[in-house]
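Each chain, letter by letter, is given below.
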Amino acid sequence: MDLFAKLHTNLGPLGKHSQYSDGYYMFPKLEGEISPRMQFQGREVLTWSLNNYLGLANHPEVRKTDADAAAKWGAAYPMGARMMTGQTSLHEKLEDNLADFVGKEKAYLLNYGYQGIMSVIDALLDRKDVVVYDSECHACIIDALRMHMGKRYVFPHNDIDNCEKQLERATKLANETGGGILVITEGVFGMTGDQGKLKEICDLKKKFEFRLLVDDAHGFGTLGQTGAGTHEEQGVIDEVDLYFSTFAKSMASIGAFIAGDEKVVHYLRFNMRSQIFAKSLPMLLVEGALKRLELLKTQPELKDNLWKIVNALRNGLHENGFSTGHANSPVTPVVLNGTVGEAAALSHDLRENYNIFCSVVIYPVVPKGMIILRLIPTAVHTLEDVKETITAFAAVKEKLTTGQYRNSELAVAFGE
């Protein structure tokens, strides 16, 4: 059988809708300057789908730094991987600044978040080691664990009692294999918007021997008194053994980092295959990250503005009868009930008739029968944006509840 034959007949749970969704629901093109108001298919839409939490994407100081660095260095320097010819003093400076900001001894730059944390997990574990992880961990963590040759135990999302049970199982097995235990969770879960229970997990260290890795992509820059992250927010900076985040959210850029004890980071520098065999992060991104980190530290009003919008949006939604689950971070999921077809019709209505663009999350990302409208507030949204959005949401919720989307042309097209 031709290897490619199956690809023509089975496009997967998302790809099977591509005839209707490609370019509109999936792979849509938002054009123009990055801002709350962008162009979608020739008209302006109010967008809530960009992880530009602090509004740094078009901050004038950031834009100037990026432009100056591009003119000074181009996109190529340094050439080669860090271990070979890609090491610079500015890379080291950024790592030192990041480590200081998140309260760790050392940090190491990574080219991408997805690739980076997969490589961190791969470098840490061998077949004797046991992993305990939250069921809603990001796909990059799940993909890394698929490569793990040892045992792994999953606990239901934020269920600390079950986490303890899995640690009991992991401890028994680790004692037999002679391996160690790594617990993995997230600071903020990107779909549901709730914080991982870091404090409760850290408390389990009193009963069990394990190390804790936290992916804080959405918490870095948005949570904690200084913006250092979820571990600062929950008062467990010292108890989190390895802290990971990406530049793709609050920093509005490309890259990531891992931070922890100096000896552990030193080990990772020499054993992370994704960095040993990949080109160093270009200098224009390093200089840009230094400027962004400086603004995180020196302009607390950016985070204050973000939370003003988050709170206004969350309160307005609740007052109008919407559920946002257990969200306690900027990520704001609006939880509705309906089919995939109804979700398509509702989203189309929002975009075409109300000029509101937000991400719509459907099965298989969430259970069948659930629709999540995922909103990402930013520091550059306005209270008027919030008011406009809640008015639109109230209108489409009424249509969803009364079944007006159920027999629409789109619902039929999506097989509902």
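In case you missed it, the structure is sitting above this.
Now for a description of the structure that goes with this document. Residue positions are given per chain, counting from 1 as you read along its sequence in written order. Two thresholds apply to this predicted model, a pLDDT of at least 70 for residue-level local features and 80 or more for giving and counting side-chain atom pairs, whereas whole-chain, interface and lining totals are computed over all residues. In computing side-chain values, all of the structure's heavy atoms are included and hydrogens and water are not.

Right, let's get into the overall build of the protein. Counting from the N terminus, the helices are the DSSP runs of H or I reaching at least four residues and the strands are the DSSP runs of E reaching at least two. Each helix and strand in the protein was counted, giving 17 helices and 14 strands. The C-alpha atoms of the protein give 22 Å as radius of gyration, which agrees with the globular expectation for 416 residues (22 Å, within 12%). Its C-alpha atoms give the protein principal-axis dimensions of about 60 × 55 × 55 Å. Burial status follows relative accessibility: with a 1.4 Å probe on protein chains alone, a residue under 20% of its type maximum counts as buried, one over 50% as exposed, and anything between as partly exposed. Of all 416 residues assigned to the protein, the portion counted as buried reaches 52%. Contact between two residues is taken to exist if any of their heavy atoms lie within 4.5 Å; hydrogens are not considered. Taking the intrachain contacts of the protein between residues at least 6 apart in sequence as the baseline, contacts between residues at least 24 apart amount to 70%. Entry remark: accessible area of the protein is about 19200 Å², with carbon and sulfur atoms responsible for 52%. Think of it this way: Lys and Arg go in the positive column, Asp and Glu in the negative one, and His and the chain ends go nowhere. Where a charge lies is defined by one atom per residue type, namely NZ (Lys), CZ (Arg), CG (Asp) and CD (Glu). Taking the average location of the 44 positive side-chain charges in the protein and that of its 52 negative ones, the two points are 3 Å from each other. The quantity called the radius of gyration is restricted to C-alpha atoms. Its globule counterpart is 2.2 Å times the number of residues to the power 0.38. Working definition of accessibility: Shrake-Rupley area with a 1.4 Å probe, residue cover restricted to the visible protein chains.

The subject of this paragraph is the packing of helix α15 (residues 340-353) against helix α16 (residues 383-401). Throughout, an axis means a line fitted to C-alpha atoms (over the contacting stretch in the case of helices), and angles, computed between N-to-C directions, take values from 0 to 180 degrees. α16 packs onto α15 with a crossing angle of 145 degrees between their chain directions and a minimal axis gap of 10 Å. Like other packed secondary-structure pairs, α15 and α16 cross with a definite hand, here right-handed. Contact residues: Glu342, Leu346, Asp349 and Leu350 in α15; Ala392, Phe393, Val396, Lys399 and Leu400 in α16. Each helix crossing is assigned a hand: it is left-handed if the near helix lies turned anticlockwise from the far helix by less than a right angle, otherwise right-handed if that turn is clockwise.

Let us look at helix α8 (residues 160-177). Its 18 residues give α8 an end-to-end C-alpha distance of 25 Å, which sits within 8% of 26 Å, the value for a rise of 1.5 Å per residue. Buried residues belonging to α8 abut β5 (130-134), β6 (152-155), β7 (181-186) and α9 (198-203). Its side-chain oxygen placed 3.3 Å from the backbone nitrogen of Asp161, Asp159 serves as the N-cap of α8. What a helix is expected to span follows from its residue count: subtract one and scale by 1.5 Å. Here a polar contact is recorded for every N or O atom pair within 3.5 Å, except that within protein the pair must consist of a potential hydrogen donor and a potential acceptor, and residues adjacent in sequence are included only if both atoms are side-chain atoms.

On to the pairing of strand β10 (residues 256-260), then. For β10, the buried fraction is high: five of the five residues fall into the buried class. Going residue by residue along β10, you find Ala256, Ile258 and Gly260 tucked away on one face and Phe257 and Ala259 tucked away on the opposite face as well. Of the strand pairs in this sheet, strand β4 (residues 106-110) and β10 are connected by five bridges, and their pairing is antiparallel. Residue pairing for β10: Leu110 is matched across the bridge by Ala256. When strand β9 (residues 242-246) meets β10, the two strands line up antiparallel, connected through five bridges. Considered in β10, the bridge of Phe244 is made with Ile258. Two strands qualify as a pair provided DSSP detects at least 2 bridges between them.

In spatial order, the strands read β4-β10-β9-β8-β7-β5-β6; together these seven strands make up an open sheet with mixed pairing. With partners counted over all chains shown, the strands left at the sheet margins are β4 and β6, one partner each. If you compare each strand with its neighbour and ignore which way they point, the axes differ by 20 degrees on average.

Okay, the packing of aromatic side chains next. Any pair of Phe, Tyr and Trp rings, taking the six-membered ring for Trp, is counted once the centres come within 6.5 Å. Such a pair is stacked with planes under 30 degrees apart, edge-to-face with planes over 60 apart, and tilted for the rest. In the structure shown here, the tally under the stated rule is nine aromatic pairs. Ring centres of Phe220 and Phe257 lie 5.4 Å apart, and the angle between their planes is 65 degrees; this geometry places the pair in the edge-to-face category. Of the two residues, Phe220 is situated in the loop between β8 (211-215) and α10 (230-233) and Phe257 in strand β10; the sequence distance between them amounts to 37 residues. Among the residues examined, Phe257 registers a relative accessible area of 0% and is labelled buried. Each residue in the set Phe101, Phe220, Tyr243, Phe247 and Phe257 is aromatic and connected to the rest through ring pairs, giving one cluster. Its end group placed over the ring of Phe40, Arg351 keeps NZ or CZ at 5.4 Å from the ring centre. A ring is considered to have a charge above it if a Lys NZ or an Arg CZ atom is located within 6 Å of its centre and within 35 degrees of its normal.

A few words on the sheet that holds strand β14 (residues 370-375). Read from one edge to the other, the open sheet built from three strands follows the order β11-β14-β13, with strand pairing classed as antiparallel. At either end of the open sheet lies a strand with only one pairing partner, and these are β11 (332-337) and β13 (359-361). Put simply, the sheet's adjacent strands are angled 25 degrees from each other on average, direction ignored. Across three bridges, β13 lies against β14 in antiparallel orientation. What sits directly across from Val360, in β14, is Leu373. Contacting β11 and β14, helix α14 (residues 301-319) crosses the sheet at an angle of about 20 degrees to β11. Of the strands in this sheet, β11, β13 and β14 touch α15, which is tilted by about 30 degrees from β14.

To continue, consider unusual backbone geometry. Going from Tyr77 to Pro78, the amide bond is cis rather than trans, its omega being -5 degrees. Structurally, the position occupied by Pro78 is in the loop between α4 (60-73) and α5 (89-102). With phi around 50 degrees, Gln41 is a residue other than glycine that occupies positive phi space. Counting through the fold element by element, Gln41 comes out in the loop between β2 (37-40) and β3 (43-47). Residue Gln41 is classed as partly exposed on the basis of its relative accessible area of 48%. The backbone of Ala252 shows a phi angle near 50 degrees, a positive value even though the residue is not glycine. One can find Ala252 in the loop between β9 and β10. Of the residues examined, Ala252 reaches a relative accessible area of 23% and is grouped as partly exposed.

Any functional reading would require information that these geometric values do not contain.
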